[in-house]
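# An overview of the molecular structure
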Amino acid sequence: MDLSHLEAYLAVCKYRNFTKASEHLHISQSAVTARIKGLESEIGKVLLLRDNRNVSLTPAGTAFLPYAERMLRLFEESKVTLSEELEHYIILSGPGAVWHFRYLEQILSFRRNRPKVAVKFLSYIDSSYMIRDLLLDGLVHVAIRNDAPSHPKVSAQCLFEDEYVLVSAKPRGSIVSRADFYSPEYCHIEWGAAFQEWFAQMVGAGYVPPLQTDHSMILLTMLLKGAGFGFLPRSVAQPYLDKEELVELPCEYKAPVTAYYAHYLTEQRDHISVKLGLQLLGV
């Protein structure tokens, strides 16, 4: 199977647009179309439906997608295996804040100590996608999530616990109450299932945050600029609390402590990439 056909197929699946896929691959749109047709001819199934505006996957296209991703991943891993410079390849996924504020130094230290081990870490990926597609399909060796495993094929080890604190660039004259979360000053982010369940119970049904993002660094930047107040993990907030760039606000409601876990396929427990990934994370 021609790998260029797979690359074209995955690009179209990602952008759902032939023009954007061709720009991503730096080839003509007609070349993308030709590669998709070649792949469909080889497989014997129509994978994509295309009209003037939209591109959608057929049932066969949806079923083939994880296999296409896996084949390209295996090809990339084979290049590492055959490389004289590298011995192993680790792929990890997890929240961006975890990499930036807790594991960045460990990653850099690991690379210095293990220069023949290639490391790739992914961030800002939907947490369910981490397990459903990346881990189960073998595209990631270790995934960090802030909940215990719920899939029968997945095992996990607890990495650390973190608490969420309410912070702002400016102190407040009163304790933050439920009504304050409806004010324009509150900035919201969904910090995982446990946090969301607790927060929903606090604010009640039908609540819509005045301002919300899914990016921890954007939230941190807004708070540092004095945009208002919001919850941050203690590990993210503490350096700025120490420098007095942020202040911790008293709140009527105490946010839960959340545990973070390293997830991996149980059957891959003894795989060298899983072992190295856990070693990098200090497990």
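Please read all numbers here as calculations on a predicted model, not as lab measurements.

A few words on the pairing of strand E9 (residues 229–233). On a regular strand, each side chain points to the face opposite its neighbour's, so the side chains alternate between the two faces of the sheet. Where burial is concerned, most of E9 is hidden: five out of the five residues are buried. In E9, alternate side chains face the same way, and those of Phe-229, Phe-231 and Pro-233 on one face and Gly-230 and Leu-232 on the other are all buried. Note: strand E6 (residues 154–168) against E9, five bridges, orientation antiparallel. From the neighbouring strand, Leu-166 faces E9, where its bridge partner is Phe-231.

Counting across every chain of the model gives six salt bridges. The closest approach of N and O atoms between Glu-163 and Arg-234, which form a salt bridge, is 3.1 Å. Taken together, the residues span a long stretch of sequence, with Glu-163 in strand E6 and Arg-234 in helix H9 (residues 234–242) at a distance of 71 residues. Since its relative accessible area comes to 24%, Glu-163 is described here as partly exposed. Put simply, Lys-243 and Glu-245 hold a salt bridge, and the shortest N to O gap is 3.9 Å. Residue Lys-243 is classed as exposed on the basis of its relative accessible area of 51%. For Glu-245, a relative accessible area of 35% translates into the label partly exposed. What you see here is one network of salt bridges that share partners, running through Glu-163, Arg-234, Glu-248 and Lys-254.

Counting buried positions over the six residues of strand E3 (residues 88–93) gives five, a clear majority of the element. Two elements, E3 and strand E4 (residues 117–122), share six bridges in a ladder whose sense is parallel. When the sheet's bridge partners are listed, Ile-91 is paired in E4 with Lys-120. Between the parallel pair E3 and E4, the chain is carried across by helix H5 (residues 96–113), and the sense of this crossover is right-handed. Where E3 and strand E5 (residues 142–145) come together, two bridges link them in parallel fashion. Bridge pairing in E5 links Ser-93 to Ala-143.

Attention now goes to the environment of Leu-122. Here Leu-122 is to be found in strand E4. Expressed as a C-alpha distance, the spacing of Leu-122 and Pro-95, which sit 27 residues apart in the sequence, is 8.2 Å.

Within the secondary structure layout, Asp-162 lies in strand E6. Arg-102 is the oppositely charged side chain nearest to the buried, salt-bridge-free Asp-162, at an N-O distance of 4.0 Å. Reaching out from Asp-162, the side chain makes a polar contact with the backbone nitrogen of Arg-234 at a distance of 3.3 Å. A polar atom in the side chain of Asp-162 sits 2.6 Å from the side chain of Ser-235.

What follows is about the environment of Leu-48. Among the secondary structure elements, Leu-48 is positioned in strand E1 (residues 48–50). The buried category is assigned to Leu-48, whose relative accessible area is 9%. Not counting the four nearest positions on each side in its chain, Leu-48 is found in contact with Tyr-9, Val-12, Cys-13, Phe-18, Ile-36, Glu-40, Val-55, Ser-56, Leu-57 and Thr-58.

Here Ala-193 is to be found in helix H7 (residues 193–203). Take Ala-193: its relative accessible area is 53%, and that puts it in the exposed class. For the pair Ala-193 and Asp-147, spaced 46 residues apart in the sequence, the C-alpha separation amounts to 7.6 Å.

Cut-offs and rules
- Residue numbers restart at each chain and count upward from 1, following the sequence in its written direction.
- Under the rules for a predicted model, residues below a pLDDT of 70 receive no local features and side-chain atom pairs below 80 are neither given nor counted, while totals for whole chains, interfaces and linings still include all residues.
- With hydrogens and water stripped out, all remaining heavy atoms of the structure feed into the side-chain values.
- Here the term buried applies to any residue with accessible area under 20% of the maximum for its type, exposed to any over 50%, and partly exposed to those in between, with areas from a 1.4 Å probe on protein chains only.
- Secondary structure elements are taken from DSSP: a helix is a run of H or I of four residues or more, a strand is a run of E of two residues or more, and numbering for both begins at the N terminus.
- Pairs of strands are assigned from DSSP output, requiring at least two bridges between the strands.
- Think of a salt bridge as a Lys or Arg side-chain nitrogen and an Asp or Glu carboxyl oxygen that are within 4 Å of each other.
- By convention, orient the strands away from the viewer: a clockwise path from the first strand over the helix to the second makes the crossover right-handed.
- Note that His is not counted, nor are the chain ends; the positive residues are Lys and Arg, and the negative ones are Asp and Glu.
- As used in this structure description, the phrase polar contact means that two N or O atoms lie within 3.5 Å; if the pair is within protein, one of them must be able to donate a hydrogen and the other to accept it, and residues adjacent in sequence are counted only when both atoms belong to side chains.
- Whether two residues are in contact is decided by their heavy atoms, any of which lying within 4.5 Å being enough.

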